Structure formats: C-alpha cells, structure tokens
Amino acid sequence: MSALLSSIQAVDALRASEERFRSILEELEDAYYEVDLAGNVLRCNGAFCRMLGYAEHELVGRNNRMFQSKEAAAAVLARFRQVYASGISMTGCDWELLRKDGSPLLVEGSIHLVRDASGEAIGFRGFQRDVTIQRETERALRESEAKYRGILETIEDPYYEVDLHGTLVLANDALCRMLGYEMHELIGLSYEHLQAPEISARMQAHFARVLQSGVAAQGVDWEMYRKDGTPVTGEGSVQLVRDLNGKPTGFRGILRDVTKRRHVEQALRESEARFRALTNLSSDWYWEQDAQLRYTRMESRHNRSGKAPNAFLGRAPWDTALMIEGGWDEHRRTLLEHRPFRDVVMRRNLSGGKPYYISVSGEPFFNADGSFAGYRGVSREITDQKLAEERIQHLATHDVLTGLPNRARFSQLLAESIAQARNAHARFAVLFIDLDRFKHINDTLGHEAGDRLLREVTARFRGAMRTTDVIARLGGDEFVVLVRELDDSARASAVARKLLAAATQPVMLAGRECRVTASIGIAMYPQDGEDEQTLMKNADIAMYFAKEEGKDNFRFYTHEIKSQSLERLLLENHLRRALERDEFTLHYQPKLHLTQNRICGVEALLRWNNRELGAVAPADFIPIAEETGMIIEIGKWVLQTACAQNVAWQHSGLPAVSMAVNLSVRQFADPHLRDDIAAILASTGMAPELLELEITEGMMVNNPAHASALLAAVKQLGVRLAVDDFGTGYSSLGQLKNYPIDTLKIDQSFIRDLGASNEDRAITEAIIVMGKTLGLAVVAEGVETQDQEDFLRARGCDELQGFHFAHPLGAAEFADLFARHLHGLA
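Report on the accompanying structure. (Residues numbered from 1 in each chain as written. Predicted model: local features only at pLDDT ≥ 70, side-chain atom pairs only at ≥ 80, totals over all residues. Heavy atoms only, no water.)

What to know about the overall build of the protein chain
Threshold: By definition, any uninterrupted DSSP run of H or I lasting at least four residues is a helix, any uninterrupted run of E lasting at least two residues is a strand, and each is numbered from the N terminus. Under the scheme applied here, a residue whose accessible area is under 20% of the maximum for its type counts as buried, over 50% as exposed, and between as partly exposed, the area being computed with a 1.4 Å probe on protein chains only. Each accessible area is a Shrake-Rupley result for a 1.4 Å probe, and residues are judged covered by the shown protein chains and nothing else.
Secondary structure assignment for the protein chain yields 28 helices and 32 strands. Counting all 826 residues of the protein chain, 46% fall into the buried class. Approximately 42600 Å² of the protein chain is accessible, and the part contributed by carbon and sulfur atoms is 52%.

Below, the structure is given as structure tokens:
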C-alpha cells in the first residue's frame, strides 16, 4: 500500500513538473521546439505555433521539412548532423522557414542534442526567434550605408566628419587624395594635426560658433598641410551633427581644393598691383568699357586733359565730349562687331577752344562662357604730334609763299566739283592763269621781289573773286581758278576781266613801280571736258592761245583752237624721235652721307640735247613726255642706262653705291612696271638693293590700293623705295606707315630758306624726326650753303645732295670725283 502510494505521488510530482515546464515554455516569447533524430516535431510551445501559423496538433508528429523550403531543409539537416556528430550545441543560427500561408520567415535559433538517461542521443531541442524584420532592417541599413558611402566616394569634393573634439570619424577618398593620406591614416586623426597652430585656433573658433549658434558656416578657408608637408587650401562648410535626441555629436562638411585658385587670386592681386604701378609711371590712360560700351574704368597718374575722368564713367564714347573725324558710325560698327582697333584718333576741345587729341587702342574681352563682356585698352595724348601733322598737312596741300591751295589740293577740289556738278547737272569753269612779265621781273629784281609780287597778285585775285570760288597756285607764276555755280559763260568772262584788271594794277618793288599782265584760258564743264585732266589741259591750251594773241587777255577753249602751241608741237615731234636718235644722256648728282662723310649714292637725272633745238630743259619736255605717254619708254631707257652704268663703275674698281631713279606718274600707273624693273636688273646684273626708285607723295595717296600693291611687288624684288619732294604733297605720317618706304627726301623748297625762315626750319626738323620715328633714311635736296649743311647735320639728317657738295656730272666726271673722294683729294 505504501509502495502504491509512493508510486502515485511520484506520478503526480512528475505531472506537476511537466505542467510547470509547459507553463514556463508557454510564457516564453521565444519559440521552443523538440524534434527526434528524424526531425519529427515532438513538442513545441505556443510561440512556435504562432510564429509558423499552425495549431500545435498540426505540428506535433510532423517532420520539420514541412515548414522549410527544399534548399533551407538541406542546410538545416546539415546543421543537425553536425550537432549530432560533435555533440556541441549551435547558437545564433539563421533559418529560413515557411509559414502555413507560404510566406517566408527568417528566424535565429539554437540546436542542442537531447540524450536519454543512458546518454544515448534521442533528438534535438532549441529556441528560435523571428528576426525577419530585424534582418530586413539590418539589410536596409547595410544598403543605406553602402549607398551613403558610394555617394561620398562619387563626390569629387572632399567630405569630412569630426567629433566634438575635432577627431576625424568619417572621410571620403577625395579628402584622402587632397591630403595625401590613406583612409586608415586619416580616421582618428585630429584636424589640429593637419594645421599650423594659428590656423588651428582659427578653425576652433569656427567650430565653436557653429556649436553655439547651430547655424552652419559657409566659405570657410582651411589652410592645411598634406602628408608630404606641402600646403593646401580647402574652402568649405561646417555643419553641426546631432543624434536622434538632438544632442550635438560633432561636425560635418564638404571642402573644395582651392589651392590653385588662391594662388591665381594672389597672382591677380600682384598683377593688379604691378598694373597700378605701371599706370602710375605711364602717361597713358587705361580704360575699360562694359558690354553696353559705357566707360567703367579710366585710370592714369597724369591728367593734362583739363577734365576729370569721372565725367566719362557710365557713358559711351559718343555720349561724351569726344569727337572723331567722319563721325562715330564706323567706330560704333567696330565696337558692335567686337573687333579690336588701333590708333583711332579722337578729339575734344578744352576750355578756350584749345584742341586736345588722343590716340585710342582697344580690344574686346569675353566672359568664361564666351559672352561679350566689354572692351579694355589704352589711350595717349598726341596733341603736339597731331597739331604738327596738321601743320605739315596744311603746308603739304597749300603753297608756302601765298597760302593758296597747291596743285595737289586743287586736284582734289576739282574732282569734288566734277562729282557734284555731274549729280546736279550743273556747270562751272576752270581758269588757267599765267603772269606774262613775271619771269622778267624775277630775273631783274631778284627772287625776293618776285615773291612779293606773287603775294600781292594773290591778294588782288582773292579780292576779285566770290567766296565760293577757289584759286590755287600751281607753281611759279601759274594760277588756276575754279568758278562754281555758273549759269552761262558770261559769269566766267566777268571773273576773267576782274582778274586781268587786278593783275595790271601797279605794284612797288625795290623802289620801282612795276606792272604785270596775265593771260587766262577758260575751259567749261561739261562741254570742254568731263574729267580733271581734260579740263586742265584744255584751259592750259586756251591760255597759250591767249598768250599767242598778245597776252593780257582771256580766251575760251574751242575745238578750233589747236591742242598745242607750235612750240609744243615742235617739241613733241622732236621728242618722239629722241630715243632713236640717241639724244638723251644721264647726269649723276652725288649724295653725301653726313655721318660717314662719304659718297653713298647718286641720283640719275635725264638730259636732252636736240640737234636742232639744242639743250632742252627737263621742265620743258618732261610734261610733254608725261602727257603723251612717251615717258614710259623714256623711263625704261633711263632705268636701263642707270643700272648698266652702276655696274660699269663697279667693274672699273669703284665701290658699289646706290642708284636713285625717278618714276613718273605714267610709269607708276604702267601695269608692266614691276616686270620691266625685274628684267632690267637681270639684264644688267645690278644688285637690286643698289637701286632706289623715287616716287612722289601724290602717286601714293591718289590711288592708295594700286600704290600699296605695286610698292609691295617692287619691294619683293629687293629694290629700295624713296618719297621724293616730301612735304609738298599731302601725305601724312599715318599714310606713310602703310607703305614699304625706305627713304624720305626733303623738298629743296624747305632747304632754300633755312637761314631765314623759322617755319622752314620747323618743317625740316619735323620731317627728319618723322623719318627717324618710322625708321627711314632722310635725304635733303638742294643744299647750297655750309649753313644749310650744318643745320642738317645737327638735326641728324642722314644724307644730302645739292650744288654745295656737287653738281650733276657725266658718268666719267662722277667716276673721277668718286675716286678722288675715296683718296681724300676732294
């Protein structure tokens, strides 16, 4: 009985223990399982059932493969076998299960081997926990971390994170590259290690302000040292980092390596300082315009313009007091087309009307995106130069003695009148005037008396004309008058009578009463000619006819009048056969180099000795040759003879000297000129650099395009070019620099009165300076006195020619002079 009681009590105790065990299992949040060695579920708790979505009776007795995928079941089986074989429990194992509804489930659990009382393995038990959400969260966190790291590494700018103590806790590769460290070397390193103490203190101040205010700082310069010790500058931000509770944990920011930019900025500051220093030293102005062409900057240490530069700021050039010859349209187009410009002359008047000239040069500049930003450039005052040039221009276009327009200027005025009359279907007259007794008075009483007579007659002629009419002096005692706005020839007749009456009035010269008369020829536009050359020629013919009829009268050109006088016809007929009769010769006038005091060249001068007429002056036959076109063949003969003679002198043992040959207007217009020169140089064997061709200013400025092309072609042959009679035409410094000129020859009209005329001295000195400025040799013609030579030497003139040194000589006489000069005998 007692044994039975004990047995019953033992069963009750076992049942109570079993109940407590099950109660404990049911209270657990983690799932509990027991399986036999085959994997059949022996026991599980409610948490296990809930986790899988099964009732307990649906699980107990079923194999665990029912809630595992085929792949997962194989992995679980391998783990069970490992535990069975080793007897060592496994914990922290991830299992992939399937819920009753088929949805996947990820659990983390353990496997423990179960043994019976004898120690025999009979199954397995363990706990499992649903970690599906946890693993998804961890995976998302890993992906986010990878994405975040990927973004950081794709950022080209360096990124940093530091804790509140300044220790680097995160960085990207860009920061490593900028500082030259490996990642593991940077992390854990304090930024203070990367900076000089004074820079570190400044950074601490930035961090402190951000920590205190919570407001991020932008554009902070971090001056650091790379691992190799070289300095580097990063520009970036400082932003406060907080945890989920809002507590500050550190700082983050993005940097940009601005080392090169800071160097460039420093270089720009230094360049600006140098620029300002140069501006202070220079007399030029520096200026800038914006995209609307308004002045935004104008600087110079010097300001002689009498006006503050602030008056120009904010205004376009044409909105200021500046003026430009011909108006602003062309210059405005240049600016609007964003083209550079050089040496544009602008003018304005100072107080009192005094002119102020500047030469302006500028270039456009553009923004980084290629858009037009404006202009910048320099300007310099050229008032003195411009006034001198205008003076020379006036003297070049006006007769020095009378102040009247000269031949070149009258040619311009006549061409303008023809164009205007053609458009308006108007008429005008050209009056060619020659004083009948001037040569006799000039030869008898001297040049001074002759000059006084010309000035007096000029004043009288002006008084007899309307202000709309024009009178010019062609040279010597020849004048020409342009009578505009004519209704008929009666007005021209009236003007001619007034001019004749004015000429015949007595004038006191050298204590004597003298009288002159005039002969006038009249050509009417358009019936007597529709171009300049025809009108002038026909007026000249009519004037000769007036002389032949007794002088002191006027005649209109008519078709009945012979085209030339008998004398001109006779000269022309003889001139046509002068070449074939071998009547021409050349004389050579030596040129003296003033610095080296030696003969450096000659000028070939044409002479004509006719068997019937005797010696004919060049002034008498050259115009006829020019007018008839014979000058082209004569000019070729001169060039051939001069070059051959130069070579002959060299073969005789004399040193090589330059040979100057004058070109006529007709020759200059000849399309074969360049080929003729080349052929003559080749046939004679003379070195091209020894030949110097002399042209006049009028040849260049009358047809600039032709002149530029021809002179360039001739220059390519190696031939030198000289401007003859400089100062009597109307070229300017700006025009001369456009041509390949080597030499300027000062006209003898300026040399003649150097001793008495301040004006001639000023002009001569200005021409020498102009020539030196352009790098040209300067030759003075017509030097006849020692005083003239001394003046030229003192002013730096290169060469001279004239009677003071040597008259024109024949070839043999020049050779003798040259030989004696070489041996110091001349």
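Remarks on the sheet that holds strand 18 (residues 470–475)
As a reminder of what qualifies: When DSSP finds two or more bridges between a pair of strands, those strands are recorded as paired. Inter-axis angles, ranging from 0 to 180 degrees, are taken between N-to-C directions of lines fitted to C-alpha atoms, where helices are fitted over the stretch in contact. Any two residues having at least one pair of non-hydrogen atoms within 4.5 Å are treated as being in contact.
Within the open sheet, the five strands sit side by side as 18-19-17-22-23. Their pairing is mixed. With partners counted over all chains shown, the strands left at the sheet margins are strand 18 and strand 23 (554–556), one partner each. With strand direction ignored, the average angle separating the axes of adjacent strands in the sheet is 20°. Relative to strand 19 (residues 478–486), strand 17 (residues 427–435) runs antiparallel, the two sharing seven bridges. The residue bridging Arg427 from the neighbouring strand is Leu486, located in strand 19. Contacting strand 17, strand 18 and strand 19, helix 14 (residues 447–463) runs over the sheet at an angle of about 155° to strand 17. Contacts from helix 15 (residues 489–504) reach strand 17, strand 19, strand 22 (518–525) and strand 23, with the element oriented near 160° to strand 22.

Structural notes on the pattern of salt bridges
Pairing between side chains of opposite charge can happen when the charged atoms of each approach one another. Inclusion rule: Within this document, salt bridges are pairs made up of a side-chain nitrogen of Lys or Arg and a carboxyl oxygen of Asp or Glu, the two lying within 4 Å of each other.
Counted by the stated rule, this structure contains 32 salt bridges. Note that Arg256 and Asp157 form a salt bridge whose closest N and O atoms lie 3.0 Å from each other. Here Arg256, found in strand 10 (residues 248–257), pairs with Asp157, found in the loop between helix 5 (132–154) and strand 6 (159–163); they are 99 residues apart in sequence, far enough to count as distant. Several salt bridges share partner residues, and in doing so they unite Lys591, Glu692, Arg720 and Glu799 into one network.

Re helix 16 (residues 532–548)
For clarity, the threshold we go by: Helices are assigned an expected span. That span is 1.5 Å times one less than the residue count. Pairs of N or O atoms within 3.5 Å make up the polar contacts considered here, provided that, within protein, one atom can donate a hydrogen while the other can accept it, and that residues adjacent in sequence are counted only when both atoms are side-chain atoms.
Here helix 16 is 17 residues long and its end C-alpha atoms lie 24 Å apart, about the 24 Å a rise of 1.5 Å per residue gives. Where helix 16 is concerned, the buried positions are Leu535, Met536, Asn538, Ala539, Asp540, Ile541, Ala542, Met543, Ala546 and Lys547. At its buried positions, helix 16 is contacted by helix 12 (407–424), strand 17, strand 18, strand 19, strand 22 and strand 23. Capping the start of helix 16 is the job of one residue whose side-chain oxygen sits 3.2 Å from the backbone nitrogen of Gln533: Asp531. In the segment just after helix 16, Gly550 is the residue with positive phi, at about 120°.

With respect to the packing of aromatic side chains
Using the following cut-off: Stacked, tilted and edge-to-face pairs are distinguished by plane angle, under 30 degrees for stacked and over 60 for edge-to-face with tilted covering the rest, among Phe, Tyr and Trp rings (Trp via its six-membered ring) whose centres lie within 6.5 Å. Any Lys NZ or Arg CZ found within 6 Å of a ring centre and within 35 degrees of that ring's normal is scored as a charge over the ring.
Under the counting rule described, the total for this entry stands at 24 aromatic pairs. A ring pair is formed by Trp287 and Tyr295, whose centres lie 6.0 Å apart and whose planes are at 90°; its orientation type is edge-to-face. In terms of burial, Trp287 and Tyr295 fall into one category: buried. Between Tyr295 and Phe312, the ring centres sit 6.2 Å apart and the planes meet at 85°, which makes this aromatic pair edge-to-face. You can see Tyr295 sitting in strand 12 (residues 295–299) and its partner Phe312 sitting in the loop between strand 12 and strand 13 (323–324), a full 17 residues away along the chain. Each of the two residues, Tyr295 as well as Phe312, counts as buried. What links up through ring pairs into an aromatic cluster is the set Trp287, Tyr295, Phe312, Phe341, Phe366, Phe372 and Tyr375. Positioned above the aromatic ring of Phe365, the side-chain terminus of Arg376 is 3.9 Å from the ring centre.

Let's talk about the pairing of strand 3 (residues 90–98)
Pairing between strand 3 and strand 4 (residues 104–115): seven bridges, direction antiparallel. Residue pairing in the sheet places Leu97 in a bridge with Leu105 of strand 4. In this antiparallel pair of consecutive strands, strand 3 and strand 4, the connection spans five residues, and Gly102 shows a positive phi of 90°.

Here we look at the nonpolar core
Put simply, the rule is: Among the buried residues, those of types Ala, Val, Leu, Ile, Met, Phe, Trp, Tyr and Cys that are joined through side-chain atoms within 4.5 Å form a nonpolar core.
Core analysis: the biggest nonpolar cluster contains 78 residues, and Leu575, Val661, Ile677, Leu691, Leu693, Met700 and Leu792 have the highest contact counts within it. In terms of residue count, helix 19 (residues 631–651) provides more of this core than any other element does, eight residues in total.

Quick look at the packing of helix 12 against helix 16
How two helices sit against one another is set out by the angle between their axes and by the gap between those axes. Definition in use: Note on terminology: angles under 35 degrees are roughly parallel, angles over 145 are roughly antiparallel, angles of 65 to 115 are roughly perpendicular, and the others are oblique. In this scheme, a crossing is called left-handed if the near helix is turned counterclockwise away from the far one by less than a right angle; it is called right-handed if the turn is clockwise. Put simply, Ala, Val, Leu, Ile, Met, Phe, Trp, Tyr, Cys and Pro go in the nonpolar bin, Asp, Glu, Lys and Arg in the charged bin, and everything else, Gly too, in the polar bin.
Relative to each other, helix 12 and helix 16 sit at 110°, their axes nearing to 10 Å. By the criterion of interaxial angle, the relationship of helix 12 to helix 16 is roughly perpendicular. Both helix 12 and helix 16 take part in a crossing whose hand is right-handed. For the pair helix 12 and helix 16, the contacting residues are Phe410, Ser411, Leu414, Ala415 and Ile418 in the first and Glu532, Leu535 and Met536 in the second. Of the residues assigned to the contact of helix 12 with helix 16, the class counts are six nonpolar, one polar and one charged.

Concerning unusual backbone geometry
Of note, the bond from Tyr525 into Pro526 is cis; its omega dihedral lies within 30 degrees of zero at 10°. Structurally, the position occupied by Pro526 is in the loop between strand 22 and helix 16. Phi angles above zero are rare outside glycine, and Leu293 is one such case at about 65°. By secondary structure assignment, the location of Leu293 is in the loop between strand 11 (285–289) and strand 12. Take Leu293: its relative accessible area is 5%, and that puts it in the buried class. A positive phi is found at Asp552, a non-glycine position, where the angle reads about 50°.

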